[in-house]
Amino acid sequence: MSLFPSNLAARYRFATNHEVHSWSFGLLRARRVATSGWREHKWRDQRGTLDDQGIFGPLHDCECACGKYRGARFRGMICDICGVKLSSPEVRRVRFGHIDLASEIQHPLADDAHLLSAVPVLPADFVSSPAGASLADLYEELVHLVALNRSERAIGVLNRLVHMLLPAVQLADEWRLAEATVLARGLALEPRQPESEIDRALNHV
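None of these values were measured; they are calculated from a predicted model.

Undergrad: For this particular structure, what's the right way to read the pairing of strand β4 (residues 115-121)?
TA: Most of β4 is tucked away, with 5 of its 7 residues classed as buried. Pairing of strand β3 (residues 96-106) with β4, which is carried by 6 bridges, proceeds in the antiparallel orientation. Within β4, the residue paired with D100 across the bridge is A118.

Below, the structure is given as structure tokens:
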């Protein structure tokens, strides 16, 4: 019996690993580093983590992480030092990261051999919200297990991740919220293409 809820299966399909990579703005390869107080080069410690502005977008409007560029005249530029694109913090609601697994594992919602080698990481605004702390912990645990090449334990973390996100995805889809597709992609799901008039005609022949 499929674990993929029928209402979601009608609107979404399992994404390919190539699609997961195509949504992503960067690879998570390390856990967050705890730093106390202000540090001039704190952004360097954040590279490849959930705090990486180069992946998830700037914290401040038209301002890069290292501070070299500030102001509207630099909008759209990518800093040559910290790699942050100078844009609006609003992009932190749509920019994904990803985690490459040590080996392929089955998608927790699939009842067949749909394998994942890349796990999408939801945009920063979802992870940094009060409700997102547990989500952040799971992403960080997954990064740690990948570094240790512990694929069998990664399966358990991925199951917990899906269990946490699935109710939000179902609710967003049911209410047709603007965030529905973003949340669904957090489960490595891609919207099905709208059925063409030809397809509809053929289905009724």
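Next comes the rest of the write-up.
Undergrad: It is not clear to me how the side chain of E190 should be interpreted in this structure. Could you clarify?
TA: Looking at the element boundaries, E190 is found in strand β5 (residues 189-191). Beyond its immediate stretch of four places on either side in the chain, E190 contacts R11, Y12, R13, A15, E19, W23 and R185.

Undergrad: Which parts of the structure should I look at to understand the packing of aromatic side chains?
TA: Tallying each qualifying case throughout the model produces 3 aromatic pairs. Relative to F14, the ring of F4 lies with its centre 4.8 Å away and its plane at 35°, an arrangement referred to as tilted. Here the residue F4 occupies a position in the segment before α1 (6-9), and F14 occupies one in strand β1 (residues 12-14), the gap between them amounting to 10 residues. The same class applies to F4 as to F14, namely buried.

Undergrad: Can you help me understand the pattern of salt bridges in this one?
TA: If the charged atoms of two oppositely charged side chains come close together, the side chains can form a pair. All chains considered together, the criterion is met by 12 salt bridges. Note that D80 and K68 form a salt bridge whose closest N and O atoms lie 3.0 Å from each other. A residue pair is termed long-range when its members are at least 10 positions apart, and D80 in the loop between α4 (53-56) and β3 and K68 in the loop between α4 and β3 qualify at 12 residues. Taking the shortest distance from any N to any O, the salt bridge between R150 and E152 comes out at 2.8 Å. A single salt-bridge network, built from bridges that share partners, covers R11, D173 and R176.

The rules behind each value
- Residues numbered from 1 in each chain as written.
- Predicted model: local features only at pLDDT ≥ 70, side-chain atom pairs only at ≥ 80, totals over all residues.
- Heavy atoms only, no water.
- Buried < 20%, exposed > 50% of the residue type's maximum accessible area, 1.4 Å probe, protein only.
- Helix = DSSP H or I, 4+ residues; strand = E, 2+ residues; numbered from the N terminus.
- Pairing = 2+ DSSP bridges.
- Contact = heavy atoms within 4.5 Å.
- Phe/Tyr/Trp six-rings, centres within 6.5 Å; stacked < 30°, edge-to-face > 60°.
- Salt bridge = Lys/Arg side-chain N within 4 Å of Asp/Glu carboxyl O.

Everything listed here is a matter of coordinates, which is why it stays silent on function.
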